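# Examining the three-dimensional arrangement
For reference, the chains in residue letters:
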Amino acid sequence: MTTIQRLRANSSWKALGGFAIAAIVLFVLAPAVLTDFRLSLLAKFLCFAIVAVGIGLAWGRGGMLTLGQGVFFGIGAYIMAMHLQLADAAKTHEAVPEFMTIAGVDRLPSYWQPFASAPVALLAILVLPAAIAAVLGFGVFKRRVKGAYFAILSQALAAALAILLTGQQTIGGFTGLSDFHAFFGFRLDDPVNRRMLFFIAAATLLIVVAVARQLMRSRYGELLVAVRDQEERVRFLGYDPANIKIVAYVVAAFFAGIAGALFTPIVGIISPADIGVVPSIAFLIGVAIGGRTTLLGPVLGAVGVAWAQTTFSEHFPSAWTYFQGALFIVVVGFIPAGLAGFGPMARQLLERLRPARTDLPAITEPAEA
Amino acid sequence: MDVLVGQLFTGLSLGSILLLAALGLSLTFGQMGVINMAHGEFIMAGCYTTYVVEQLISATGVALIVSLFVGFLVGGLLGAALEMGLIRWMYDRPLDTLLVTFGVGLVLQQAVRDIFGAPAKNVVAPHWLTGGLTIAGTVVPKTRIFIMVLAVAAVIALAAALETTPLGRRIRAVVQNRSLAETSGVSSRLTDVSTFFIGSGLAAVAGVALTLIGSTSPTIGQSYLVDAFLVVVIGGLGQIKGTVIAAFAMGLLNSFVEYSTTATVAKVIVFIVVVIFLQARPQGLFTVRTRSLA
């Protein structure tokens, strides 16, 4: 066995152990310790963590700074919201959801109609964000538009969608969609069903992390990092960097769409304020704090930041904004590797104390794209 | 015909606003390669400067003119402070400057909210800007004309400063070849700070102009920032000529699409057109070799 193989075998046991611990924490410990309210809050944080895994892949591994994950999150969330509204309306034999009746709309707009069917809605949640990301990614990466240009375009997309949704009264406008009664037939005011939602979110997060881990460790994952660090060289080796980037961007969008779809029933409301430019960029801070290039960093960072935000802003709403701003400045500016960067740093220190070992590659900071 | 002229003026006036907002960015983003997300907050600083100056000087006509100069100074100082405090450490990481300056923007926004309160403030336009002029059968508000004149003046002043002054020569030299400029005795540090001063000052001037057409709130800068970035991207980096054309093109496109559909759909269509445009010219309308971006 070569050193690399040994390391791989070793780390897959570690990974299995890690998964087991995470599963125990999420499925046994959390439900036992937390109140129903806190558990529901944690479920919401897990949704952000799912988005963060995708951002870790696209930004940390692929070097694509996506400022518009709120778009894909929003598409998933709004489709789910529309389906839940229609399902509620169908139960009471109304032609249109309640908020439309109040607004004086008595015919269902055509773009709502497909989402009355659960399979169509679920399929759309899985396919639509990925498809939009594929189209934008194709348009952008194939033309070798990158770096700052891509960041600005993804941001503009988030702004455009938020403005579009705010202006459309038939999709709730500025206030968004809320007041869902049931989730695929299960009443949402029943605590047992809300627990179920938490378990669904937890299971989804574990699956998403496992998928991301497989991707990162595969040949594809190595190519992605190679594109981030030396795009031209990868092109000279005969690969098309555009395709590699598109895949990572599409996967990130796919994760964000699923997260959005879970967010809607868990939180009970989705509005343009949740998906615009600022929340889209705010998704990044958890990823940056946890460590953008790692697998678990984004997850822990996202949950940590969301938890801190809830705790802080309950008591000092204005202080949180200062704190968030300071986090962006300090973490991105001065500790770009995030908290995960302290691990290798400590290990390096220990290595230095021990006799030198030559069979391990040096742990270096990846260059920024 | 009247409708056409009316939409034309709306487009030109929107274009002037975009131009004012984007002009500073074409310096800091286009020439320096720094993605300054706090640019929107510098615009906002210009708005609040106007509000404060108007509280101090009750003659609104004088207050507006004074605000233009004070605003430029306030924005410029904020920008210079940002450059010296943070950005100077990060010239090799343009994408990270984006997030760091976003953090600065959040802090500035909240600071303004805490000082002035969240509700929007109104600035009274001076009496010589009330009413409108009739041009080709359409009534055009005088404030709009003032903004157009201001935008044109700002472009001419900036272009003249870059072309003729020693500072402008230094800025161009540093942008084109930093190390050669340094060996020729140009202080690149001082030039970087000055470039930021001018770019951020122009953002605040845009803010002063914005107070004439709407009320001022802590988030006002954000609503113009995305458009301003798009203008610079379409125009081509570091090109004032490109920025001017792109700003008016976007303004006109927006106003004509908006007339046939709605304001929100227009925003989305403009975005789609921008993406399609970049297919044809990924580097923008005009390009020049500069320090490459990412």
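Residues numbered from 1 in each chain as written. Chains lettered and ligands numbered in written order. Predicted model: local features only at pLDDT ≥ 70, side-chain atom pairs only at ≥ 80, totals over all residues. Heavy atoms only, no water.

### Thoughts on the packing of aromatic side chains
Going through the model one piece at a time under the given rule, you end up with 23 aromatic pairs over all chains. Aromatic pair Phe183 of chain A and Phe184 of chain A: ring centres 4.8 Å apart, planes at 80 degrees, arrangement edge-to-face. Aromatic pair Phe312 of chain A and Phe323 of chain A: ring centres 4.9 Å apart, planes at 25 degrees, arrangement stacked. With Phe312 of chain A in helix 12 (residues 296–315) and Phe323 of chain A in helix 13 (residues 317–334), this pair connects stretches of sequence that are 11 residues apart. Owing to a relative accessible area of 30%, Phe312 of chain A belongs among the partly exposed residues under this scheme. Residue placement shows Arg88 of chain B over the ring face of Trp89 of chain B; its charged tip is 4.7 Å from the ring centre. Above the ring of Tyr91 of chain B, the side-chain terminus of Arg178 of chain B is found at 5.7 Å from the ring centroid. (Phe/Tyr/Trp six-rings, centres within 6.5 Å; stacked < 30°, edge-to-face > 60°. Helix = DSSP H or I, 4+ residues; strand = E, 2+ residues; numbered from the N terminus. Buried < 20%, exposed > 50% of the residue type's maximum accessible area, 1.4 Å probe, protein only. Lys NZ or Arg CZ within 6 Å of the ring centre and 35° of its normal.)

### Details of the nonpolar core
Grouped together as the largest cluster of nonpolar side chains are 199 residues, with contacts concentrated most on Phe29 and Leu99 of chain B. Beyond its immediate chain neighbours, meaning those up to four positions away, Leu99 of chain B contacts Trp59, Leu65, Leu67, Ile281, Leu284, Phe328 and Val332 of chain A. (Core = buried A, V, L, I, M, F, W, Y, C linked by side-chain atoms within 4.5 Å. Contact = heavy atoms within 4.5 Å.)

### Examining the confidence of the model for chain B
In the predicted model, chain B carries a mean pLDDT of 86, and the fraction of residues at 70 or more is 96%. Here the complex is predicted with pTM 0.87, and the ipTM for its interfaces comes to 0.85. (pLDDT = per-residue confidence, 0-100.)

### Points about helix 11 (residues 277–290) of chain A
Because each turn of an α-helix spans 3.6 residues, side chains separated by three or four positions in sequence point in the same direction. All names here are of chain A. Here helix 11 lies mainly inside the structure; 11 of its 14 residues are buried. Buried residues of helix 11: Val277, Ser280, Ile281, Phe283, Leu284, Ile285, Gly286, Val287, Ala288, Ile289 and Gly290, and no others. Count one or two residues on from helix 11 and you reach Gly291, which has phi positive near 120 degrees.

### Considering the interface of chain B and chain A
Across the boundary between the two partners, chain B contributes 39 residues, which contact 44 residues of chain A. With both chains or domains summed, chain B and chain A bury close to 3,700 Å², and 77% of this area falls on carbon and sulfur atoms. It is Leu95, Leu99 and Phe271 of chain B in chain B that bury the most area against chain A; as a group they hold 17% of the surface buried on that side. Linking chain B with chain A are one salt bridge. Here Arg292 of chain A and Asp96 of chain B are joined by a salt bridge, their closest N and O atoms 3.5 Å apart. (Buried area = accessible area lost by both parts, 1.4 Å probe. Salt bridge = Lys/Arg side-chain N within 4 Å of Asp/Glu carboxyl O.)

### Side note on the pairing of strand 2 (residues 138–141) of chain B
Residue and element names in this part refer to chain B. Of the two faces of strand 2, the one holding Thr138 and Val140 is buried and the one holding Val139 and Pro141 is not buried anywhere. Relative to strand 2, strand 1 (residues 132–135) runs antiparallel, the two sharing four bridges. Counted as the bridge partner of Gly132 is Pro141 from strand 2. What sits between the antiparallel neighbours strand 1 and strand 2 is a turn of two residues, in which Ala136 has the positive phi angle 50 degrees. (Pairing = 2+ DSSP bridges.)

### Regarding the environment of Phe45 of chain A
Residues and elements named next belong to chain A. Following the sequence through the fold, Phe45 ends up in helix 2 (residues 36–61). Residue classification places Phe45 among the buried residues on the basis of a relative accessible area of 4%. Between the C-alpha atom of Phe45 and that of Ala32, which follows or precedes it by 13 residues, the distance is 18 Å.

### Re the UniProt feature "transmembrane region" (unreviewed entry) in chain B
All names here are of chain B. Annotation from UniProt places "transmembrane region" (unreviewed entry) at residues 56–82, 145–162, 193–213, 225–253 and 259–280. End-to-end, the C-alpha atoms of residues 56–82 are 27 Å apart, and along that stretch the chain is 89% helix and 0% strand. Taken end to end, residues 193–213 is 86% helix and 0% strand, and its first and last C-alpha atoms sit 31 Å apart. (UniProt positions renumbered as here; feature names shortened; annotations may be inferred.)

### Examining empty space enclosed by the protein
Residues and elements named next belong to chain B. Counting across every chain of the model gives one cavity of 30 Å³ or more. Taken as a whole, the largest cavity spans an internal volume of roughly 40 Å³. Thr50, Glu54, Thr60, Ala63, Leu64, Ser67, Val123, Val124 and Pro126 together form the lining of the largest cavity. Broken down by secondary-structure element, the contributors of at least two residues to the lining of the largest cavity are helix 2 (39–56) and helix 3 (60–85). No other element matches helix 3, which puts four residues into the lining of the largest cavity. (1 Å grid on protein atoms, 1.4 Å probe; cavity = no way out; pocket = protein on both sides within 12 Å on 5 of 7 lines; lining within 4 Å. Points joined across faces, edges and corners; volume = space filled by probe spheres on them.)

### Digging into the pattern of salt bridges
Any two side chains of opposite charge can pair, given that their charged atoms come close. Residue and element names in this part refer to chain A. One pass over the structure, following the stated rule, counts 12 salt bridges over all chains. One salt bridge connects Lys142 with Asp240, and the closest N-O pair in it is separated by 2.7 Å. With a gap of 98 residues between them, Lys142 in the loop between helix 5 (118–141) and helix 6 (148–167) and Asp240 in the loop between helix 9 (231–236) and helix 10 (241–267) connect regions that are remote in the sequence. Judged by relative accessible area, which is 33%, Lys142 ranks as partly exposed. When the shortest N-O distance is used, the salt bridge between Glu231 and Lys245 registers 3.1 Å. You can see Glu231 sitting in helix 9 and its partner Lys245 sitting in helix 10, a full 14 residues away along the chain. Here Glu231 falls in the buried class, since its relative accessible area comes to 14%. When salt bridges that share partners are traced, they join Glu231, Glu232, Arg235 and Lys245 into one network.

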